[in-house]
Amino acid sequence: MGNLLEHMGVERDRVHFSWISSAEATKFVDVVKEISEKVRALGPNKKFVKDYN
Amino acid sequence: MDTCIQKIRELAADLLERGEVEKVIGFAQGTIPMATSPISVGTKQGVDNLVFNSTCGLNLANFASRQKGKIAIIAKGCDCRNIVTHIVENQLQRDQVYIIGVPCNGMVNKFKIAALFEDEITGFAEDGDTLTVSSSSQTKTLKKQEYLRENCLLCTHKNPVLYDVLAGDLVKEQVLENAFPDVDKIEAMDVDGRWQYFKRLTQNCIRCYACRNACPICYCPTCFVDEAGPQWVGKGQNKTDVDTFHFLRAFHCAGRCTDCGACVEACPMGINVRDFTRKLNKDALELFGWEAGLDISKRPPLDAYSPQDPDDFIK
Ligand code: SF4
Ligand code: SF4
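For clarity, every value in this text was computed on a predicted model and none was experimentally measured.

Draft legend 1. Region of the structure containing the site of ligand 2. If you check the shell around ligand 2, you find 14 residues, and the closest are Cys205, Cys208, Tyr209, Cys211 and Cys267 of chain B. Assessed atom by atom at 2 Å from the grid points, ligand 2 resides in the second largest cavity.

This is the structure in structure tokens:
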């Protein structure tokens, strides 16, 4: 799925996949931190946004 | 008359007469030149309506399942692969369908031929590799090989993979150095270039859903685009909604698409709908060594788990 999104022009770091058990609190925190950093680096998403006006 | 058509008619007449099948699904001449339409023949007299030529670009596997009684179906290489997919996905039992396989020499790109003429095409005839196409102002003789559809040029399974009888001699399969030149071209672009490419690709889409309806693997009783509660995607011409339709439909085809080209064949706007699924086909081959619809005894990659499955995308 990530491959096709990237192929269609959605940045690789915009979408993340992870498998975290409810017992893995530290993994959750680590993953969220990493995702936040990567997405912040990309800046706001301008693609695939629906304009309701 | 073409020996292949002759053979198809003989086989169909025989099957109907013996009562082995209730009906035969095949192609009939369309109402305009360079067009054929699917037809269901239930009587021996009706078999004279059956034709086969290089304008039979739709995929008849679409009509294989949800039929009452046993049917016979005329199937090119790609139609056969979609019948296999239907069997693998439990839409059809092998003994419910009698497959009349037709080794295929490729179907023509009608948009490309129409573009050669300024006026309407009024005649289309073919003899082996030579096409004779005419309009009211001119007649052109074309080489079929130069006007094949893009998916047929890249097809490596022209011969039916599963059949009960053949209506012609097997043809030579081509071996390609690179099976995905079109995908490579898009992959070579940068991320914004690719976004722009797909944006332009779907800009003329009128959401008629002809591509989905022509697709043999799009058989959901209610497609996600038609659902109203919940409504997954807006119904209008909003660009993001149009893209949502195309993106999601593509994902639904992952590991299932046989690149039969029926979506492109059906699109009235000349959109190369295959650009979406081609990438998935390339990934399926590279990551899982999988090509859809080749073997009724194999489970598709998204339906089976193996510890060897690639997992570098997940944290
Ligand atoms: S994709 Fe292959 S089997 Fe299908 S119409 Fe084209 S050449 Fe024939
Ligand atoms: S057939 Fe063409 S115009 Fe119609 S929905 Fe599909 S891509 Fe859009």
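Draft legend 2. Quick peek at the sheet that holds strand β7 (residues 130–135) of chain B. Residue and element names in this part refer to chain B. Spatially, β6-β7-β8 is the arrangement adopted by the three strands of the open sheet, whose pairing is antiparallel. Edge positions in the sheet fall to β6 (121–127) and β8 (139–143), since each has one partner strand and no second. Taking each pair of neighbouring strands and ignoring which way they run, the sheet shows an average axis angle of 20°.

Draft legend 3. Examining the domain arrangement of chain B more closely. Residue and element names in this part refer to chain B. Split into domains, chain B comes out as domain 1 (3–107 + 148–314) and domain 2 (108–147). A separation of 25 Å is found between the C-alpha centroids of domain 1 and domain 2. Taken together, the contact pairs 17 residues of domain 1 with 15 residues of domain 2. Here domain 1 and domain 2 share an interface that buries about 1300 Å² over both sides, 59% of which is from carbon and sulfur atoms. It is Met34, Ser54 and Leu148 in domain 1 that bury the most area against domain 2; as a group they hold 52% of the surface buried on that side. The interface formed by domain 1 and domain 2 contains one salt bridge.

The rules behind each value
Within each chain, residues carry numbers counting from 1 in the order of the written sequence. Labels are handed out in written order, letters beginning with A for the chains and numbers beginning with 1 for the ligands. With pLDDT at 70 or above as the cut-off, local features in this predicted model cover only qualifying residues; side-chain atom pairs require 80 or more to be listed or tallied, and sums for whole chains, interfaces and linings still use all residues. Calculation of side-chain values draws on the structure's entire complement of heavy atoms; hydrogens and water are dropped beforehand. The nearness test applies per residue and asks whether one of its heavy atoms lies within 4 Å of the molecule or strand. Cavities and pockets were defined on a 1 Å grid built over protein atoms only: a cavity is a set of grid points that admits a 1.4 Å probe from which the probe cannot escape, a pocket is an open set flanked by protein on both sides within 12 Å along at least five of seven lines, and lining residues are those with an atom within 4 Å of any such point. More than half of a molecule's atoms within 2 Å of the grid points is what it takes for that molecule to sit in a cavity or pocket. We call two strands paired when DSSP finds no fewer than two bridges between them. Per the convention used, a helix needs a DSSP run of H or I reaching at least four residues, while a strand needs a run of E reaching at least two, with both numbered from the N terminus. Lines fitted to C-alpha atoms define the axes here, with helix axes fitted over just the stretch in contact, and angles between the N-to-C directions of these axes take values from 0 to 180 degrees. An automatic or database domain assignment provides the domain bounds reported here. By definition, residues are in contact when any of their heavy atoms lie within 4.5 Å. A simple way to read buried area is as the amount of 1.4 Å-probe accessible surface that goes missing from two parts once joined, with both sides added. Salt bridge, as applied in this entry: a Lys or Arg side-chain nitrogen positioned within 4 Å of an Asp or Glu carboxyl oxygen.

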